[in-house]
Amino acid sequence: MSRRGETTEETSRASAPTQANVTDQPKRMKVIRVVYLIAALDITWMFLQFSVTPYLAKKLGFDTLWMGYLQTMVGVIQLVGGPMFGRFADIFGARAALSLACSATVVFFLLLAMAGSPAMLFIHKLPTVFMHVLPASQMVVADLSEPEKRADALSKLGLCFGVGMIAGSTLGGHLNTRYGETFTASFGAVGSAFSLLLVLKFIPKTTKVQAPTTNTDSENKSKSVFNLGEITRLMKFPGVKRTFLVKIVAGLPSGIFQVMFSIIAMDFFKLQPEQNGYLMAYFGIASMVVQGGVIGRLTARYSENSLLLLSIGVSSLVGLAQANMQNVFQFCLIVVPMVFSLSVFNVITDSMLTKSVPSSDTGTMMGLCASVQSLLRTVGPTAGGFLYVNYGISSIGLMQFVVNIAVFVHLLQRSLKKTDVQKE
C-alpha cells in the first residue's frame, strides 16, 4: 500500500467517533448538547462585549485608526495562541482546554470592567490568547460525530452562534444603554463563570478515539505544546495545504468587512448601541436559519467541493452589493446572502480539514483554523481602516468581489480538469 493510502486509512480510522471515554451514542449526544450550550453562552458573552468596547473606546478618545490597532492586537495574540491552544487541547483533553478558555474569558471581562484608560483597554485584551471556546467546542463535536455527519454537526455550532449573537447583541445593547459599560462587562464575567461551571460538571477529560496507554500518554505529554513541528506536520496531509490557502485568500475580504463592522455601524450607518444590538440580532436570526435549517440539507445532497464553490461565488456577489450600498436598509437586504456564504464557507472548510487529519489532531487543526480567523483579524483592521478612510466603504466590497471571483474561477477550472481526467 502506498504512503498516501496509509495516510487515508489512518485518517479514516481516526475520524471515527470516540469509544474510550464517551462509550455510547446517548453519552456522546449528551456531551455534544452541553458543548452546544457552552458555545452559545460564549458567543453571547462575546457579542455582549461588542456592545461595550467600541463605545468605551470612543469615550476614551480612540479614533478609527486606534480602534484598528486595538483589533490588530487581538488578532496577533490569537494568531499566536490558536495553534498552541489546539495542541494543548489534544494533549490535555477537552475539559482542561475548555476550562482554560472560560477562565480566560472571566479575567477578560473583569479587566474590561476596570478599564478606565486607553492603556487598560489594551491590557484587557491580553487574556484573548487563551479565549478559544469555539475551536475547543469544534474539536469536541468533530471527535464525537460520524465523519459523514460532521459538516451538519459543525453547522449546529453555527446555529449556537446565531443564538448567541441575538442574545448577546440585544442584551448588551440594553445593559450598556441603561447601566453603562462597567455593569455590562461585570455581567459578562459572571456569565463566563457560569460557563466554566458547566465545563467542570459535564465535559469529560478527553474525547479522543482511544484511551492512550501509559507509554503513549507519556510520549505525547513529553511533546511541548509549543512544538511547531507537531503543528506544521498537519500541513503534509493530503489536501490540507490547498484548503488552508483557499480559507485564507477567499476569507480575507469578508474578514476585513467583519472586523470593520463596528466602525461602519457607528460612522457610516450612525447607529446607537441599542440599534446596533438590533442589527446584530437580525444577523443572528439569519445565521440561525441558514446554519440550523439549510446547511444540513445541503451537505446531505451535494458534495463539499460543490458547496465550497457555491459559497465563494455568492460571496463575490455580496462584495459587489456592498460596494454599492448606501444605507442600513440596503445592508439588511445583503445580510442573508452574506450570512449564507460565510456560514457555508466556514463549515465546509472546517469539515474538510478535520476529515483530513487523525482524530488525535483535531484540536490542533481547529486551533489552526482559528488562527486563520486571527490572521484575518490581524491584517483586517489595518487594511480595512486604510481602505475605509482613504477610499470609502465601497473599496472593501470591490476587493471582496475581485478576490472571490478569482478564487472561484481557479477552483472551477481545477474541478473541471479533474472531471476530464476521470472521464479519460
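Position numbers for residues start from 1 in each chain and track the written sequence from start to end. In view of the model being predicted, local features appear only for residues whose pLDDT reaches at least 70, and side-chain atom pairs are presented and counted only at 80 or more, with totals across whole chains, interfaces and linings using the full set of residues. Neither water nor hydrogens contribute to the side-chain values; these are computed over all heavy atoms in the structure.

K.L.:
Lay out the UniProt feature "transmembrane region" (unreviewed entry) in the protein with the relevant residues and their values.
P.N.:
UniProt positions are given in the numbering used here, feature names are shortened, and annotations may be inferred rather than shown by experiment. Following the UniProt record, one finds the feature "transmembrane region" (unreviewed entry) at residues 34-52, 64-85, 97-116, 183-203, 244-266, 278-298, 328-348 and 388-412. Note that residues 97-116 is 90% helix and 0% strand, and that its end C-alpha atoms are spaced 31 Å apart. Numbering of helices and strands runs from the N terminus, with a helix taken as a DSSP run of H or I at least four residues long and a strand as a DSSP run of E at least two residues long. Helix makes up 95% of residues 183-203 and strand makes up 0%, while its end C-alpha atoms are separated by 30 Å.

K.L.:
How would you sum up unusual backbone geometry? Please name residues and give values.
P.N.:
The residue lysine 270 is not glycine, and still its phi comes out positive at about 60°. For lysine 270, a relative accessible area of 57% translates into the label exposed. Each residue is assigned to one of three classes by its accessible area relative to the maximum for its type, calculated with a 1.4 Å probe on protein chains only: buried under 20%, partly exposed between the two thresholds, exposed over 50%.

K.L.:
Report on the packing of helix α12 (residues 240-267) against helix α17 (residues 362-391), specifying residues and quantitative values.
P.N.:
Here α12 crosses α17 at 45°, and the two axes come no closer than 7 Å. One way to sum up the angle between α12 and α17 is to call them oblique. The way α12 lies across α17 gives a crossing that is right-handed. The class makeup of the residues in the contact of α12 with α17 is 19 nonpolar, 6 polar and 3 charged. As a rule, the C-alpha atoms of each element are fitted with a line to give its axis, helices using only the stretch in contact, and angles between N-to-C directions run from 0 to 180 degrees. When an angle is under 35 degrees it counts as roughly parallel; over 145 it counts as roughly antiparallel; between 65 and 115 it counts as roughly perpendicular; any other value is oblique. By convention, the crossing between two helices is left-handed when the near helix turns anticlockwise from the far helix through less than a right angle, and right-handed when the turn is clockwise. Gly falls in the polar group here, along with every residue not listed as nonpolar (Ala, Val, Leu, Ile, Met, Phe, Trp, Tyr, Cys, Pro) or charged (Asp, Glu, Lys, Arg).

K.L.:
Which residues make up the confidence of the model for the protein, and what values do they have?
P.N.:
On a scale of 0 to 100, pLDDT captures the predictor's confidence in every residue. With 88% of its residues at a pLDDT of at least 70, the protein reaches an overall mean of 82. Within the model, pLDDT remains below 50 along residues 1-21, and this stretch shows 40 contacts once partners closer than five positions in the same chain are excluded. Contacts are assigned to residue pairs that have any heavy atoms within 4.5 Å of one another. Contacts from residues 211-222, a stretch scored under 50 in pLDDT, to residues over four places away or in other chains number 7 contacts.

K.L.:
Just give me the short version of α17, but keep the residues and values in it.
P.N.:
A helix is expected to span 1.5 Å for every residue after the first. Along its 30 residues, α17 runs 41 Å from first to last C-alpha, staying within 8% of the 44 Å computed at 1.5 Å per residue. The angle separating two fitted axes, one through the seven residues that finish at a residue and one through the seven that start at it, defines the bend at that residue. A maximum bend of about 35° is found in α17 at glycine 380, where proline proline 381 lies one to four positions downstream. Phi turns positive, to about 85°, at glycine 392, one or two residues after α17.

K.L.:
Explain the packing of α12 against helix α16 (residues 328-355) to me, and be specific about the residues and the numbers.
P.N.:
Two numbers describe how α12 lies on α16: the axes approach to 11 Å, and their chain directions differ by 150°. Here α12 is positioned roughly antiparallel relative to α16, judged by the angle of their axes. Our pair here, α12 against α16, has a crossing hand that is left-handed. Each of Val240, Thr243, Phe244, Val246, Lys247, Ala250, Gly251, Ser254, Phe257, Gln258 and Phe261 in α12 lies in contact with α16, whose residues at this interface are Phe331, Met338, Leu342, Phe345, Asn346, Thr349, Asp350, Met352 and Leu353. A breakdown of the residues in the contact of α12 with α16 according to their chemical character gives 12 nonpolar, 6 polar and 2 charged.

K.L.:
If you had to explain the nonpolar core to someone new, which residues and values would you point to?
P.N.:
To define a nonpolar core, start from buried Ala, Val, Leu, Ile, Met, Phe, Trp, Tyr and Cys residues and group those joined through side-chain atoms within 4.5 Å. Within the largest apolar cluster, 109 residues are counted, with the highest numbers of intra-cluster contacts made by Ile203, Phe257, Phe261, Phe283 and Phe331. Bear in mind that the domain bounds are from an automatic or database domain assignment. In terms of domain composition, this core takes at least three residues from each of domain 1 (25-206) and domain 2 (228-423). Once residues within four sequence positions are removed from consideration, phenylalanine 283 is found in contact with Met165, Phe261, Phe331, Val335, Met338 and Val339.

K.L.:
Can you lay out the pattern of salt bridges for me, pointing to particular residues and giving the numbers?
P.N.:
Salt bridges are defined as contacts in which a side-chain nitrogen from Lys or Arg sits within 4 Å of a carboxyl oxygen from Asp or Glu. A full pass over the atoms with the stated rule returns 5 salt bridges. Close ionic contact of lysine 156 with aspartate 152 constitutes a salt bridge, the shortest N to O distance being 2.7 Å. Here aspartate 152 and lysine 156 lie together in helix α8 (residues 150-179), a separation of 4 residues that amounts to about one turn. Among the salt bridges present, the one from arginine 233 reaches aspartate 361, with a minimum N-O distance of 3.0 Å. A residue pair is termed long-range when its members are at least 10 positions apart, and arginine 233 in the loop between α11 (228-232) and α12 and aspartate 361 in the loop between α16 and α17 qualify at 128 residues.

K.L.:
Break down the environment of glutamine 25 for me, citing the residues and quoting the values.
P.N.:
Considering the arrangement of structural elements, one finds glutamine 25 in helix α2 (residues 25-50). Separated by 120 residues in sequence, glutamine 25 and serine 145 place their C-alpha atoms 9.6 Å apart.

K.L.:
Give a detailed account of the packing of aromatic side chains, specifying residues and quantitative values.
P.N.:
Any two of the Phe, Tyr and Trp rings considered here, Trp counted by its six-membered ring, make a pair once their centres fall within 6.5 Å; the pair's planes then place it as stacked at under 30 degrees, edge-to-face at over 60, or tilted in between. Enumeration over the complete set of coordinates arrives at 17 aromatic pairs. For the ring pair phenylalanine 62 and phenylalanine 122, a centre distance of 5.9 Å and an interplane angle of 35° mean the geometry is tilted. Here phenylalanine 62, found in the loop between α3 (53-59) and α4 (64-92), pairs with phenylalanine 122, found in helix α6 (residues 118-123); they are 60 residues apart in sequence, far enough to count as distant. As far as burial versus exposure is concerned, phenylalanine 62 and phenylalanine 122 are alike and both buried. Note on phenylalanine 268 and phenylalanine 269: the rings are 5.2 Å apart at their centroids and 65° apart in plane angle, and the pair reads as edge-to-face. Chaining the aromatic ring pairs together yields one cluster made of Phe257, Phe261, Phe268, Phe269, Phe283 and Phe331.

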